[in-house]
Each structure stands twice: as structure tokens, then as C-alpha cells.
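Residue strings, one per chain:
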Amino acid sequence: MNAPTLMALLIILPALSAVLIWTCAHRSGLAWAWSMISTTLIFALSLVLFVWSWRTGADGERLINSAGDFFHTQGVAWVDNLGLRFSMGMDSITMWLVMLTTFLMPLVVLGSRSAVESRHREFFGWLMLLQAAMIGTFIARDLIFFYVCFEFTLIPLFFLIGVFGSTDRLKAARVFFLYTFTGSMLTFAGLLYVAWYSAGITGSWTFDIATLTESAQTMSTSQQGMVLLALLAGFAVKVPLFPVHTWLPLAHTEAPTAGSVILAGVLLKLGTYGLIRFALPMVPEAAVDFAPYIGVFAVIGILYTALICWVQKDIKKLIAYSSVSHLGFCVLGIFAIAGNQHLGQSGAVLYMVNHGLATGALFLCVGMIYERFHTREMRQYGGIAAVMPVWSFFFVFFCLASVGLPGLNGFVGEFLTTMGTFLSRETLGIGYAVAAAFGMILGAIYILYMVGKIIFGPLKLPESNGHGPDDQHGHHAKPRDLNSREITTLVPLAAACLFLGLYPTPMLRSLDRSVEQLVEPARQVLVERSRNDEHADTALVQIDARKLEEGTDR
Amino acid sequence: MDVSMVKWIPWISLLSAAICGVLCFRRAWGVWAAPVTITAIAASFVVAMLAAPSGLLRDDDGRIADALGKSPHDIGQTVKAIDWINLNERDALMDDGSPPATLEEARGLADQHQSARIIESGEAGYSVRVPGLSANFSYYIDPLTLLMLFVVCGIGSLVAIYGAGYMKGDKGYARFFAAVSIFIFAMTSMVMGDNLVLLFLGWEMVGLASYLLIGYYFKKPSAAAAARKAFIVNRIGDLGFALGIFLTYMRYDTVVISEVLAMATSPEHVADWRDYWIPFLLMLGALGKSAQIPLYVWLPDAMEGPTPVSALIHAATMVTSGVYMIARLHPLFENSPYALPTVATIGGVTAFFAATIATSQFDLKKIYAYSTVSQLGYMFLGVGMGVRYAIFGGLFHLLTHAFFKALLFLTSGNVMHGTHGQLDIRKLSGLRHLMPFTCWLMLAGCLSLAAFPLTAGFFSKDAILVGVFEQGLAETDPNRWYVVLGVLGLVTAFLTPFYAFRAWFRVFMGPEKYEMGTEAHGDEEEHAHPSGADSHLIDEDHHAHDDKPHEASWLMLAPLFVLALGALFVGIIGYKPVKELVEGSTAVISTGKESLISADLNLTLIIQIASGIIATLGILTAAYFHWLNRQAGQNLADRLAGPIRVLENKYWVDEIYDLAIVKPLRLLGWIFQLVDTLLVGGLVKLFGWLPRLLGQLARPSQSGVLHGYGLSMLAGVALLVLLILLAAR
């Protein structure tokens, strides 16, 4: 089996298992078992690709050294006369994000064993389809293919929230759908414009992302600006960037645990992925010009949502808002374009993966106590550590990963993005980094505030409202701590957080060349400009000198 | 033992932390946590003492070579364990962001960087490859590291032994030792780290350990609040530290300490605005961790943690990390004209300020907590000087303070243990017969804290003050401000024995009288039950058995004797070796050897006599008011009711911070929350309403949700067309 087949399988297998689950899995356990097997299999497949890319390549190349796509296939033709193809590719950025997705999915399925009470087929079917769409988005190398997958992620999540969510689910689903859909329509317009422009200069239609990127760079500054705005309309909503983040808290609170985990873990990264894959290399001039403004929004988002987190009463809402705050760092890192380094962008990719692991895990933890007590209200909890020490351990662990404690994974991304921002004097610079760093303090404040309320203090448990298995003994009964299934769900995540916190070097090095390649056009813009400035300066000096001479002559 | 063995030191403790973590699962396994941790710390101590000295630079007669003018690469050794953040090589670029075009340009560029190499790359010209950001688990061993390892692992082992007795029977026994192990991992990583980022890792992780241990009795709301406060206040400092690291990297293109120091002390180095600010940012971190004004407020609250923790983390080791950091990066501080004076001023003022609060507290541990803040102020005063003797004094005081303050905390732990958590000195009196060993051990600690002649504290504190006056009275270019700071130091030297002996005379002298506390062994967890009635019953039961203060077990007393010996004699024994260590470390690579004052002024003798008299006076004052004539003390207190109220309330600093910072921020949070909710609500309404409106216009006969999608799609297409038109223009 070769790499292109494996890549195709990563999309086809989950789609296929979705169909199978819908049509065949009539018994409730079967749907779960099936999706468990299929997600594990997909993880195994992606692991094969991963190890493969790490060890050997076509001509002895390794992922860690390769700049562009390590695996690449033209795929099969789709619409021939428009140049549409199912082309796929994986560079190291894609590789890590696909790994994140395939790693999270089995854990999500495992964690959802007892989350839904009915309509199992639909639930797991949509989950599988969602996985196919997410992986498709990352590995597509054809613009339309990318966009179709990108948009298709909305539908499964729409149903996951709308059908399996909590009380306000319909509103949440509708807001989520309309918000992101409207935004991405504009993005689509921008991308189509790029294709149209490219067709104009090359003479034939193509939707190959690499080709489009190259020809898009020749657009004029104002054209680039319009395209960047269009791209931002969709991607910024997805990230979500302040002030278009308001759909997220609602969607997160209402979504079932699995939905929240995937939303925070992977779907938000589609936005940042889009920014780094399209915005930076396609419209470098606009990216450089707009970076200071985007940076302002990112910084406002970091601080504004961090303060909001502090006054939340709902655990899930707090974590949802914290995602907005965290992804502000990510966006800041992406637009921290500097002439001599790309720490910000490397850090941003790292941040995407790390945030996916830590926040995904936090949502799983919240889901676990929600299943026991049926409430997410913080003030109903207190001193849980006394009765659920294992859960408390994991919760505190992932909280610490999330606030960026050095030694756990969150730190590396946060440190590098902020450092990249600090050093990028051409675009962002010290002021942005100082402001963002205040977000690190606020991050600690709200997370510890939550931990203090739930874990510390005198024991306080919510009165069960008549659904859980605990309440036949009344609410005084000691709630059961995590069972082995739940521990199995969290341990791999904790291990990944610890590993990436203590040994991120291989990942950073593998990202280096790919990120460098994406940033290169923007860097060139900076070089050009500083040369022009220099010329202007020397010209000015010459003029001054001439004036001076004229003065002395007279 | 080869010096490369030191790379195992932090990881031994991490392993121990993992084992203790596993032992948490069964209460029966918990008893093994103490032996595991003690073994790990003791092993670290042995490795450190055997391996590290072999890596030091020595002169011909075997003594540690003086560091003046030497490169940090020579006086210490770097030992790498594993990669942490180690980026690829990158291209160095010219100032305008372009690659060098000619060989000359490439050479010039290469000279500006450490270990750069020039590659000829065909038609593209030349490229200069320089190392990327590298911050690894890599350790730098110089005499200062050795000194710190001695303190951390040495005192750490003693406190862990004490803790094995103190925490006995506690439900969270294994959890306690797991956190202590994490602490030792972090602290050793910090003092050994060869780069600023690893230093930062240790810096934050000691904060984590401190958080976990202050919040150890997590059911107590006050403990939970104190833990949170400690972490957050420290984070404010850490913000400065992180920014300081960024600026250092911007300036020196590396975060490896020895390389930074080598560049900062090289004769060609010209300081610019970044050198001006780096120390101030780093200092912010030091102020947080070492509890100095304005970030000292967390330390007194941190006394909510178990007493061994107060002794180890909040007195002997963690809180000194700011002092360590300033000493380690001293040349960077010297490059900024106002950095060291600021450090010294903050230190001197904090020393005095905290001492005044300590004189009027009634909680034994709180007194020692403020005393710690005050003594840390002395250390800052010492390392904030540009003269060798003061830097030595600051670091020597770090060592002696570790001994006597750990001793004081642990003996007060004995008191707490013996009286079921009673720490109020108004409710304890004359315990000398009931707790004889504790009584005399604490006396040793108090004498050393009071800097009574010939005790350890006497030598180290005098070294600081001599250094301060040396700079203040320097023959050339004297700075009178340092004289003021020195006098402030002498005034504090009077307050110190007063508050130390006030507590001791109250608790151990006078008529035998006591009120027992309500906690068993300082721990409510032992009989924690959800309902109050149960615990009340058990309390009564407990009291019936032993309602008298009792002496601590031998397991707890044994380490105290070692500490007491240290508190009394480390000044005499340690003076020479520590001076040798400090003068061979990076702290003094750019600090001259010659004295600033004329040789016929015997400053040391004058200061020693003066401070000896001051210490004795302080003790006598305390003895009169708090032992011999307590009524007089009471009368005096009544007459000074106003000022004492200010001191008892700690100048209301906590309240001011709450009102000025916490409350407004939280209010802002509420406002933003409101805005955000309105924004959501408004937008939802808009989305429901806008399509309907448009729908009415377009197709008045239909309504419903579905065509909302269609319409927004339509709107999108319209915008698309508009966009294309605009962009194509």
C-alpha cells in the first residue's frame, strides 16, 4: 500500500463507517463498537503514515527536513475541464493536525459511551462523517475540495448540537450554523476570486492550491487586501477572533461533550489552519499590512475574553471563552511576521495541537462530572477532591496544561507565539507581546478561580435531578470516581500533554521548514520594503546633501 | 564522581514524584512515600556534593579560582541532559532583512553571532547560518550552583525527614511527598539551569509545588484562597520575567546564561536601551518569588500550608530564588545604571517594613513569615550592591537564613503539633518544661535570627551591612543613599531580635499557661467528616486523652539538632568556604576585588560591635516587656494603640490591592460579560429577523427558518459579486 492510498483511506474509511453505522447498526451498542473500531483503525493508519514520514522518504528525505508536501498525490480527476481534482498532500503541519484529529476521535468515542441515551446510530454516524470532513480539510490540496470539506464540517456538528445538545440546543445550532456559514461564503468568494485571477494570467482554470498561491502573490496590494478580508470573514469566525466569537460560547455550552471536544480540539483549528495555509502565502503584502490591525483584535480578544472567563458561572462556558482567549495567541503568532525568524508561526501550529489536547481533555472532564450531577453550575460544586480524587487530579493537570505551566505542552506554544510577537518589530512588536502576556496572568486567575471553586473548599455536591445512577441513594451518597473506561480516555491525553511539554523539539523541528515556506512570501515583502526604504533614505540624504551644497555655494 | 552525573539530580526527584503519585492510590501504600522522597533528596544531595565540585575551575593551590574577569565558560561547566526547545539553525539576515550579498557582509554578520557559519550558496550569494533558539534541559555548574544545591538538597532532606514525622497519619501523606518531590525537581532545575527558559521552568514549577502545598488542606477555604493568591501574585512577577527573557533574546540572540554573561561582560559590549530594561523586567520576577514590596502579600498567607512546607519552600529555598537569580545574572544588572540601586532600595525598605509588621503579629507562623520577608529584604540589599563583600553577604545570608529560619518554622511546627494547632502567642506561655527540646532549639534559631554575636546570622548580616556602608562611604564617588539604607538596616537589626524574642519569651517563658487548639496535629483532615457533629465528637475524644502540650517525637527532633548546629556555627565554619564559592561564581565576574574605603577605617569591626550591641538591646527590650514585666508591655501597647492597630492590620495593603486592582478588574469582567451577552442576543435576533425582513421583501408569501439559509447564501453571493467588482477595479 502506498501513501496516497493511505491518505485517501483516511477520508474514505470514516465516511464508509458512517454509512455502515446508519444502515446496519440497529442495536445500540453496535454503533458505538463500530465507531470505536473504525476510529482506532484510522488512528493506526495515520500512525503508519506518521512513522513512515519520519523514517524514510522517496529519496531518503524525512518529514523533518522537507519543506513542502511530503506526501503528495494528484488524486483522481473530478471536473476535468475546470481542473478540479481530488488532490491530496501532507506536509508537516497537515501531518500534525491530522494526527491530532485521529488521536482525539477514538478518545471522544470512548468518552461518549454513556453520553447519549437514544439515537445512537445518528450520533456516531455524524461523528464519523465529521471526522472524514475534518481530515479532508487538512489534506485537500485542491481549493474546491478543501472548501467542500471545510463547509461540510458544519452539517454533522449542526445535528450533533441541534439533536443531542442540552436545553437551548436549537438556538445554539442555528446561530452556529448561520454565523460560520455566512462567514465562509465570503471566504469562498475570496478563494474563487483568486482562482479567477489565476485563470486570467495562466490562461487555464486550475484549483491546485500550490499553483494558486504562486499566482495570487502577483495581485496588486488592493486586490490582496480584498482577498484577505474575504478570507478573514470565514476563518476569523471559525477561530474565533474577537469580535466575531459570540457564537462559540453558546455552541460549546449546548453541544454534547463529544461535540465540544471536537469543536475545541479540531474545528477551531480549521480557522487558524486556513489563515496560515492561505492568508499568509497567498496575500503576503496584505498580511503584512493588516497584521497590526489583526494583532489588535487578537490582543483585545485575549484580554477581553479572559476577563469574561473570570465571571462565568457555567464551567463549560468558562472553558469555551478560554478557547477564544487562547486562540488569540495563536492568531497573534501567525501574524507575527518578521524578517529573521518565524517563531510565532511555528509556535502557533504547536499551539493549535496543544490547545486541542488540553482543552479537549478539559471538556471531557467536564462531561464526566456532568454525567454524574447533571449540572455545569460552578457554585453547586465544592471540594470535589475529597470524593473524586482521580477526576480532580486529571482536571487540575489539564488546567495547568491550559494555563501554560512550563513542563506541560501549553507552555511551549504560548512562549513561542509571545516571543515571536515580541521579536517581530516589523509587524507587531513589543507592545503586543506585553499586552498578550497580561493574558497569561488573567489565564491563571480564571482557571485557578474555577479550580478553587470546584476542587477546593468544603465538600458540596449538587442535588441530582433524578437521572443519574447515584440518586437512588440520595445526594449524600459518595459519587463514584472515574471508572476504568474514563481513566483510559484521559490517560493518553495526559501522556501526550506531558510528552509534548518535555520534548517538543522533534515536533518543532519538523514544523520548521514547512512553516518557513509558508512565511517566506511575507518575509520577502518585508525585505523588499526595507530595501525600498533604504533607497528612499539614501535618496533623501542625497537631496539634503545637494541642498546643503547649494546653500554653501550661495 | 564525574561532573556529568549532576544531570541526574533533578530527574531523581521527578522519578520520586511519579512513584509517590502512584502511592497515592492506596492509603496503605502511602507510608512508603516518605522513605522514597527522603532517599531521592538525599541521593541528590550526595550526587551534588560529590560530582559538582569536580567541575569547578581551581587555581594552583587547589582553591576555587577567583572569577574576576574570567569567562563564564571557564569558571563553570555545562552538562546537557536532553533537548527541550531546540530549534533548527536559521539564516542570519542583515539589518534590512536581506541575506548578505558579499563575502564581507557575510563575515561581518557572522561576527555578530555566536557560532555562526558561512555557507556559499551558488548564485544566491552567501548565507550565514546561526543556531536557532535553544533552551534545553542543560545544566550549568559553577560555585554558585554548588552553594544553592547544598541549601536545596541539604535542607530539603532534613525537612523531608521532619515531615515524615509531622505528617504521620495524614490522609494525604503520599500527596504531600509527591508535591515535595516535584518541588525539589523544579528547584534543582532552576538553580542548575544553563538557560533562562529552563530557569523559568523551575521558577514556575516551584510556584506550582507551592500552590499544591499551600492548598494541601484543600477543604479549608482560607487555604484554597491563599494557594490561589500565591500563584497569581507570582504570575505577575513571572510576566516580567518572561518579557525579560524575550528582551534578552532580542539583545543577545541566545538565552543560554553563560553566553549572555560572556557577551554582557566583554569589553566591546556597548549597552543600549535593551540592556537598560532587561534587569528591571527580570527584577519583577524576583520581587514576586522572593516576596518583596510590592509583591510580598502572598507569603504571609502561604502559612496555611503544612509547617514543613513553610520551612522548606516559604523560608529556606523557594523564596530565595529571586536572590539567586539576581546573583546569577549580576553582570546584566550592572549594565543598567539604576537596576542595582533599585534592588537595594526595595530590599532595604522591605526589610524594615516587614519587620515592623512582624513586631505586632500574634500568630507564631505569621511572625516568622514577615520575618522571612524582612530577611529576604536584607539579601536583596546585599546582592543589590556592586561590591563583592555585600554580594557575598547576601548569598551567605541566604545560607544561614535557610538554617535558622527552617529551624524556627520547624520548632513552631512542634509547638503546633504539641498544642493541636494553637499558634496564638497570647494563649501560650511558659511551655519550657513541657517542650524542653523545642524550647532550647527555638532559642538557637532566635539567637541566630537576632544576629547575636558569633551565631550564623551575625556574620552574614554584618557582611551585608559592611558592604552597604562600604559603598556608601566609598573614597571615590560615595553614594549617601547607601548610608541611609545601611542605617535602615541597623534599625531593622534592632526590630529583628525584638520580634523574635517577643515570641520566644511569650511562648516558653513566664508562668505555665496554655489553651489547646482545635486541630489534631495541625491537620483537620485526620478527622474530617462532612458533618460537623462527628468531628466535634472526635475532638472531645482526642482532648480527653491528651490535653497537655507534648514534646515532639524523635523523628521530628533529630533533624532539628542538625539545623540548630547550623544556625549556631555555620557563620564560623562556613565563612571562608562560602566566600570562596561566591567569589568563584558568575556573580562577581565583573566586580572588582579592591576595597572602596581606605584601609585604616576598620568598618567590619565597627559594624560588628554596633550590631552586637543593637542585637543585645533588642533582646533585652523583648525580655523586659514580654517576660519580666508583661504588664509594662501591656501598658505600653495600650498607649500605642493607634500605631499598633495599623501594624496589626499590616498597613491594610491587602485591602488596598483588592480595592485598587482586583475589584475593578472583576467589575470589568462583569461589564464585558454583559456586552458579550447582548452581542450574542442581538446577533441572534438579527439573524432571525434580517432574513425574515428580506424574505418579506423578496417573497412575501413564505416564511420560516429554512429560507433564512437560502437568503444568507444569496446575500453571500451578492457580496461575492460586489467583492470581485471592487477587487478587479
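All values derive from a computational prediction rather than experimental measurement.

Points about the overall build of chain A
Okay, step 1: When helices and strands are counted, chain A shows 19 helices and four strands.
Okay, step 2: Relative to the globule expectation of 24 Å for 554 residues, the C-alpha radius of gyration of chain A, 24 Å, shows essentially globular dimensions.
Okay, step 3: Its C-alpha atoms give chain A principal-axis dimensions of about 105 × 55 × 45 Å.
Okay, step 4: A buried classification covers 66% of the 554 residues belonging to chain A.
Okay, step 5: Surface summary for chain A: the accessible area is close to 18100 Å², and the carbon and sulfur share equals 62%.
Okay, step 6: When the 34 basic and 36 acidic side-chain charges of chain A are each reduced to a single mean position, those positions are 10 Å apart.

Details of the overall build of chain B
Okay, step 1: Counting its regular elements, chain B contains 27 helices and seven strands.
Okay, step 2: Put simply, 81% of the contacts in chain B that link residues at least 6 apart link residues at least 24 apart.

Considering empty space enclosed by the protein
Okay, step 1: With the rule as written, the count across this model stands at ten cavities of 30 Å³ or more.
Okay, step 2: Of the volumes computed, that of the largest cavity is approximately 100 Å³.
Okay, step 3: Residue lining of the largest cavity: A:Q341, A:H342, A:L343, A:D512, B:L87, B:N88, B:E89, B:R90, B:G132, B:L133 and B:Y249, and that is the complete set.
Okay, step 4: Taken together, the residues that form the lining of the largest cavity break down as four nonpolar, four polar and three charged.

Details of the domain arrangement of chain B
Okay, step 1: Along its sequence, chain B is carved into domain 1 (79-139), domain 2 (354-523 + 548-648) and domain 3 (654-728).
Okay, step 2: Averaged C-alpha coordinates put domain 1 of chain B and domain 2 of chain B at centres separated by 51 Å.

Digging into the sheet that holds strand β4 (residues 126-130) of chain B
Pairing between the strands of a sheet comes from backbone hydrogen bonds, and it takes one of two forms, parallel or antiparallel.
Residue and element names in this part refer to chain B.
Okay, step 1: Overall, antiparallel pairing links the three strands, which are arranged β2-β4-β3 in an open sheet. What marks the edges here is a single partner per strand, and that holds for β2 (90-92) and β3 (117-120). On average, adjacent strands in this sheet sit at an angle of 45 degrees to one another, irrespective of strand direction.
Okay, step 2: As paired strands, β3 and β4 are joined by four bridges and run antiparallel to one another. Among the inter-strand pairings, I118 is bridged to a residue of β4, identified as V128.

Side note on the side chain of B:R328
Residues and elements named next belong to chain B.
Okay, step 1: Looking at where R328 falls in the secondary structure, it is placed in helix α13 (residues 321-328).
Okay, step 2: At 2.8 Å, the side chain of R328 forms a polar contact with the side chain of D142.
Okay, step 3: In contact with R328, not counting residues within four places along its chain, are Y140, D142, L144, T145, V191, I257, L261 and T586.

So, the interface of chain B and chain A
Okay, step 1: At the interface, 71 residues of chain B touch 84 residues of chain A.
Okay, step 2: Note on chain B versus chain A: buried area summed over both sides is about 7300 Å², and carbon and sulfur give 76% of it.
Okay, step 3: For the interface between chain B and chain A, the tally reads zero salt bridges.
Okay, step 4: Linking chain B with chain A are 17 residue pairs in polar contact (both at pLDDT 80 or more), by the criterion used here.
Okay, step 5: Those elements that provide at least two residues to the side of chain B that touches chain A are β1 (77-86), β2, α7 (196-214), α8 (221-252), α26 (653-698) and α27 (706-728) of chain B.
Okay, step 6: The element best represented in the side of chain B that touches chain A is α26(B), accounting for 15 residues.

Here's the deal with a nonpolar patch on the surface
Residue and element names in this part refer to chain A.
Okay, step 1: A grouping of W78, V79, L82, V148, W196 and W205 is seen on the molecular surface, where their side chains present a nonpolar patch of about 510 Å² in accessible area.
Okay, step 2: The residue W205 is located in the loop between α7 (169-202) and α8 (209-216) in this model.
Okay, step 3: Residue classification places W205 among the partly exposed positions, given a relative accessible area of 36%.

Section: the pairing of β4(B)
Remember that side chains alternate between the two faces of the sheet whenever the strand is regular.
All names here are of chain B.
Okay, step 1: For β4, the tally of buried residues reaches four of five residues, placing the bulk of the element in the interior.
Okay, step 2: Across three bridges, β2 lies against β4 in antiparallel orientation. Bridge pairing in β4 places R90 opposite V130.

With respect to the side chain of B:R502
All names here are of chain B.
Okay, step 1: Secondary-structure assignment places R502 in helix α20 (residues 480-508).
Okay, step 2: Despite its burial, R502 remains without a salt bridge, the nearest opposite charge being carried by E648 at 6.9 Å.
Okay, step 3: Within the structure, R502 has its side chain in polar contact with the backbone oxygen of Q361 (distance 2.8 Å).
Okay, step 4: If near-sequence neighbours (up to four positions away) are discounted, R502 is found in contact with A358, T359, S360, Q361, F362, I367, I425, P497, A622 and H626.

A short note on the packing of aromatic side chains
To describe a pair of aromatic rings, you give the distance between the ring centres and the angle between the ring planes.
Okay, step 1: Per the counting criterion, the structure on display carries 70 aromatic pairs over all chains.
Okay, step 2: When the centroid spacing of 5.8 Å and the interplanar angle of 50 degrees are considered together, the rings of A:F43 and A:F103 count as tilted. Taken together, the residues A:F43 in helix α2 (residues 28-55) and A:F103 in helix α3 (residues 92-111) connect sequence positions 60 residues apart.
Okay, step 3: In this structure, B:R666 packs its charged tip against the face of A:W310, placed 5.4 Å from the ring centre.

Points about the nonpolar core
Okay, step 1: Counting residues in hydrophobic clusters, the biggest one holds 455 residues, and the most contacted among them are A:L127, A:W391, A:F395 and A:F398.
Okay, step 2: Counting only domains with at least three residues in this core, you end up with domain 1 (79-139) and domain 2 (354-523 + 548-648) of chain B.
Okay, step 3: Setting aside residues no more than four positions away along its own chain, A:F398 makes contact with A:A358, A:A361, A:L362, A:C365, A:L490, A:L493, A:A494 and A:C497.

Concerning the pattern of salt bridges
Okay, step 1: Using the criterion set out here, one finds 25 salt bridges over all chains in the structure.
Okay, step 2: A:E122 serves as the salt-bridge partner of A:R119, at 3.0 Å between the closest nitrogen and oxygen.
Okay, step 3: By relative accessible area, which is 46% here, A:R119 ends up partly exposed.
Okay, step 4: Here the residues in one salt-bridge network are B:D66, B:R388, B:K579 and B:E583, joined through shared partners.

Side note on helix α23 (residues 603-628) of chain B
For an α-helix the count is 3.6 residues per turn, leaving residues at separations of three or four pointing the same way.
Okay, step 1: For α23(B), with 26 residues, the first-to-last C-alpha span of 36 Å sits near the 38 Å given by 1.5 Å per residue.
Okay, step 2: Among the residues of α23(B), B:L603, B:I607, B:S611, B:G612, B:I614, B:A615, B:G618, B:I619, B:A622, B:A623, B:F625 and B:H626 are the ones counted as buried.

Notes on the packing of helix α5 (residues 143-166) of chain B against helix α6 (residues 173-192) of chain B
Residues and elements named next belong to chain B.
Okay, step 1: Running from N to C, α5 and α6 cross one another at 175 degrees; their axes reach a closest spacing of 10 Å. Regarding the angle of α5 to α6, the classification is roughly antiparallel. Across from T145, M148, L149, V152, C153, A160, G163 and A164 in α5, the residues of α6 making contact are Y173, F177, I184, M187, T188, V191 and M192.

Description of the environment of B:P511
Residue and element names in this part refer to chain B.
Okay, step 1: Position of P511 relative to the elements: it lies in the loop between α20 and β7 (513-514).
Okay, step 2: Exposure remark for P511: the relative accessible area of 52% places this residue in the exposed category.
Okay, step 3: The spatial distance from the C-alpha of P511 to the C-alpha of R432 is 9.8 Å, given a sequence separation of 79 residues.
Okay, step 4: When near neighbours in sequence (up to four residues on either side) are disregarded, P511 contacts S429, G430 and R630.

Some thoughts on the environment of B:I141
Okay, step 1: Topologically, B:I141 is positioned in strand β5 (residues 134-141).
Okay, step 2: Separated by 138 residues in sequence, B:I141 and B:V3 place their C-alpha atoms 8.5 Å apart.

Quick word on the environment of B:A67
Residue and element names in this part refer to chain B.
Okay, step 1: With respect to the secondary-structure elements, A67 resides in the loop between α2 (33-51) and α3 (72-75).
Okay, step 2: In the structure, A67 is positioned 493 residues away from L560 in sequence and 35 Å away in space, judged by C-alpha atoms.
Okay, step 3: Residue contacts for A67: discarding those within four places in its chain leaves I75, E583, G584, S585, V588 and I589.

What counts and what doesn't
Residues numbered from 1 in each chain as written. Chains lettered and ligands numbered in written order. Predicted model: local features only at pLDDT ≥ 70, side-chain atom pairs only at ≥ 80, totals over all residues. Heavy atoms only, no water. Helix = DSSP H or I, 4+ residues; strand = E, 2+ residues; numbered from the N terminus. Rg over C-alpha atoms; globule rule 2.2 N^0.38 Å. Buried < 20%, exposed > 50% of the residue type's maximum accessible area, 1.4 Å probe, protein only. Areas by Shrake-Rupley, 256 points an atom, 1.4 Å probe, with all protein chains shown as cover. Lys, Arg positive; Asp, Glu negative; His and termini not counted. Charge placed at Lys NZ, Arg CZ, Asp CG, Glu CD. Contact = heavy atoms within 4.5 Å. 1 Å grid on protein atoms, 1.4 Å probe; cavity = no way out; pocket = protein on both sides within 12 Å on 5 of 7 lines; lining within 4 Å. Points joined across faces, edges and corners; volume = space filled by probe spheres on them. Nonpolar A, V, L, I, M, F, W, Y, C, P; charged D, E, K, R; others polar. Domains from an automatic or database assignment. Pairing = 2+ DSSP bridges. Axes fitted to C-alpha atoms, helices over the stretch in contact; angles between N-to-C directions. Polar contact = N/O pair within 3.5 Å; in protein donor to acceptor, adjacent residues only side chain to side chain. Buried area = accessible area lost by both parts, 1.4 Å probe. Salt bridge = Lys/Arg side-chain N within 4 Å of Asp/Glu carboxyl O. Patch = residues over 30% accessible without salt bridge, like charges linked within 9 Å, V, L, I, M, F, W, Y side chains within 5 Å. Phe/Tyr/Trp six-rings, centres within 6.5 Å; stacked < 30°, edge-to-face > 60°. Lys NZ or Arg CZ within 6 Å of the ring centre and 35° of its normal. Core = buried A, V, L, I, M, F, W, Y, C linked by side-chain atoms within 4.5 Å. Expected span 1.5 Å × (residues − 1). Parallel < 35°, antiparallel > 145°, perpendicular 65-115°, else oblique.

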